[in-house]
Amino acid sequence: MRRTLMLTAGLMACLPAFAQYPEKPVTIVVPFAAGGPTDKVARDLAEAMRKPLNATLIIENVGGVGGTLGASKVAKAAPDGYTLLLHHIGMATAPALYRSLSFKTLEDFEYLGMVNEVPMTLIGRSTLPAGNYAELATWLEANKGKVNLANAGVGSASHLCGLLFQQAVKSDMTTVPYKGTAPAMNDLLGGQVDIMCDQTTNTTSQIESGKVKAFAVMSSKRLANGPLAKLPTADESGLKGFNLTIWHGLYAPKGTPKAVLDKVNTALRAALKDTDFQKRQEALGAVIVTDARVGPADHKKFVEAEINKLGPVIKAAGVYAD
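Residues numbered from 1 in each chain as written. Predicted model: local features only at pLDDT ≥ 70, side-chain atom pairs only at ≥ 80, totals over all residues. Heavy atoms only, no water.

Asker: Before we move on, could you go through the overall build of the protein chain and cite the residues and values that matter?
Answerer: A tally of helices and strands in the protein chain yields twelve helices and ten strands. In terms of C-alpha radius of gyration, the protein chain reaches 22 Å, essentially the compact-globule figure of 20 Å for 322 residues. Dimensions of the protein chain, computed from C-alpha atoms along their principal axes, come out at roughly 90 × 40 × 30 Å. Burial analysis of the protein chain (322 residues in total) assigns 49% to the buried set. Side chains of the protein chain give 34 positive and 28 negative charges; the mean places of these two sets differ by 3 Å. (Helix = DSSP H or I, 4+ residues; strand = E, 2+ residues; numbered from the N terminus. Rg over C-alpha atoms; globule rule 2.2 N^0.38 Å. Buried < 20%, exposed > 50% of the residue type's maximum accessible area, 1.4 Å probe, protein only. Lys, Arg positive; Asp, Glu negative; His and termini not counted. Charge placed at Lys NZ, Arg CZ, Asp CG, Glu CD.)

Now the structure itself:
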């Protein structure tokens, strides 16, 4: 009997360390400051993943350089499943925005699955003489060279949306970059700038209150629920094929064992079905991903497609973040 117990203990000791994963808290790195939309998604996700992963999940904010500092930290972390990355569309835009990047998006990470998509909205100052997109388009045409387009800084979601919008309407506007969404929104509210394109997480409350005018949601489908459900899409408004969402995905360092990746992906899938998580995301105007992109292979294919779609637009603009 004693020999049997000793043999069992010996076999357990020989099992790979990851067989018992997770044995300690798991850190999710958010490459932006606390309090922002990506941080909010990460904290809600961590809470929803806690039970299915059977672990404490800690959020670590590593902001700076457009999200590349945090991503770089995870790329260089030990591939043991205890350091993960929650990042947005910046994973696809960084290769074009930064000429010297310390990581390779498609090579230095294990893809775990997508979380959500946050639509963009086209909004304007409350005093604009336009009540819908058709009237806005007429006003833009009549005021070529005079329109101020705000964004939250080079490399931000609103910057990218602005580039795509100018390309779609074939019009150059005076781009006014800010250090974040808050100061950009403040100047839009004050009438110092004319229009802005930004995430529903940042614009919904201002639209609801009537402090800004909303002209279109910049995704291919209308929002199914919430206060912006009646807002037409850019495609419906005349910008055929325009589709931009700010998606979030989960990543691990390259080389993380498959057994660990499988456990995290299983917990992620469970979290996306969590009722409380779904309600929180709906309140943010976010749409939870339910298709094949919640799996590693389709997640990676999607990011590669986004790189191929957005990279040429950024390079054509000739605006770099470094």
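Asker: Describe helix H12 (residues 296-317), and please don't skip the residues or the numbers.
Answerer: A rise of 1.5 Å per residue sets the reference length of H12, with its 22 residues, at 32 Å; its end C-alpha atoms lie 32 Å apart and thus fit the reference within 8%. The axis of H12 is deflected most strongly, by about 30°, at Leu310, and proline Pro312 appears within four residues downstream. Where H12 is buried, its residues contact helix H4 (90-97), strand E4 (109-125), helix H6 (157-169) and strand E9 (245-253). Positive backbone phi, approximately 70°, marks Gly318, located one or two places after H12. (Expected span 1.5 Å × (residues − 1). Bend = angle between axes of the 7 residues up to and from the residue. Contact = heavy atoms within 4.5 Å.)

Asker: So what's going on with the state of the cysteines? Which residues, and what values?
Answerer: Within the structure shown, the criterion is met by one disulfide. Note on cysteine connectivity: Cys161 is disulfide-linked to Cys197, with sulfurs 1.8 Å apart. Between Cys161 and Cys197, the S-S torsion sits near 45°, and that sign places the bridge as right-handed. Taken together, the residues span a long stretch of sequence, with Cys161 in helix H6 and Cys197 in strand E7 (residues 195-199) at a distance of 36 residues. In this pair, the class of Cys161 matches that of Cys197, namely buried. (Disulfide = S-S within 2.5 Å.)

Asker: Quick one: what's the story with helix H2 (residues 37-53), residue by residue and with numbers?
Answerer: Owing to its 3.6 residues per turn, the α-helix aligns residues three or four sequence positions apart on the same side. Taking 1.5 Å as the rise per residue, H2 with 17 residues should run 24 Å; its terminal C-alpha atoms sit 24 Å apart, in good agreement. Of the positions making up H2, those classed as buried are Thr38, Asp39, Val41, Ala42, Asp44, Leu45, Ala46, Ala48, Met49 and Leu53. Two residues or fewer past H2, Asn54 is found with a positive phi of approximately 60°.

Asker: I'd love a proper account of the packing of aromatic side chains, names of residues and values included.
Answerer: For the structure shown, the criterion picks out five aromatic pairs. On the numbers, 5.7 Å between centres and 80° between planes, the contact of Phe103 with Phe109 is edge-to-face. Given a relative accessible area of 1%, Phe109 falls into the buried group. Where Tyr111 meets Tyr251, the ring centres are 5.0 Å apart and the plane angle is 80°; that geometry is what we call edge-to-face. Residue Tyr111 is located in strand E4, and its partner Tyr251 is located in strand E9; the two are separated by 140 residues in the primary sequence. In this pair, the class of Tyr111 matches that of Tyr251, namely buried. Linked through ring pairs, Phe103, Phe109, Tyr111 and Tyr251 together constitute an aromatic cluster. (Phe/Tyr/Trp six-rings, centres within 6.5 Å; stacked < 30°, edge-to-face > 60°.)

Asker: Before we move on, can you summarise the pairing of E7 with the specific residues and values?
Answerer: The buried count for E7 comes to five of five residues, which makes it a mostly enclosed element. Note: E4 against E7, five bridges, orientation antiparallel. Following the sheet pairing, Met120 is matched in E7 by Gln199. Note: strand E5 (residues 148-151) against E7, two bridges, orientation parallel. Counted as the bridge partner of Leu149 is Ile195 from E7. (Pairing = 2+ DSSP bridges.)

Asker: Before we move on, can you summarise unusual backbone geometry with the specific residues and values?
Answerer: With an omega of -5°, the peptide bond running from Tyr21 to Pro22 counts as cis. For Pro22, the location among the structural elements is in the loop between helix H1 (2-14) and strand E1 (26-30). Residues other than glycine seldom take positive phi values, yet Lys170 does so here, at roughly 55°. Among the secondary structure elements, Lys170 is positioned in the loop between H6 and strand E6 (174-177).

Asker: Describe the packing of H2 against helix H10 (residues 258-272), listing the residues and the values that go with them.
Answerer: Viewed as axis vectors pointing N to C, H2 and H10 meet at an angle of 120°, and their least axial separation amounts to 8 Å. The orientation of H2 relative to H10 falls into the category oblique. Viewed along their axes, H2 and H10 form a crossing whose handedness is right-handed. For the pair H2 and H10, contact is made by Leu45, Ala48, Met49, Pro52 and Leu53 and by Lys263, Val264, Ala267, Leu268, Ala270 and Ala271, respectively. Looking at the contact of H2 with H10 residue by residue, the class counts come to ten nonpolar, no polar and one charged. (Axes fitted to C-alpha atoms, helices over the stretch in contact; angles between N-to-C directions. Parallel < 35°, antiparallel > 145°, perpendicular 65-115°, else oblique. Left-handed = near helix turned anticlockwise from the far one by under 90°. Nonpolar A, V, L, I, M, F, W, Y, C, P; charged D, E, K, R; others polar.)

Function cannot be read off these values alone, since they describe shape.
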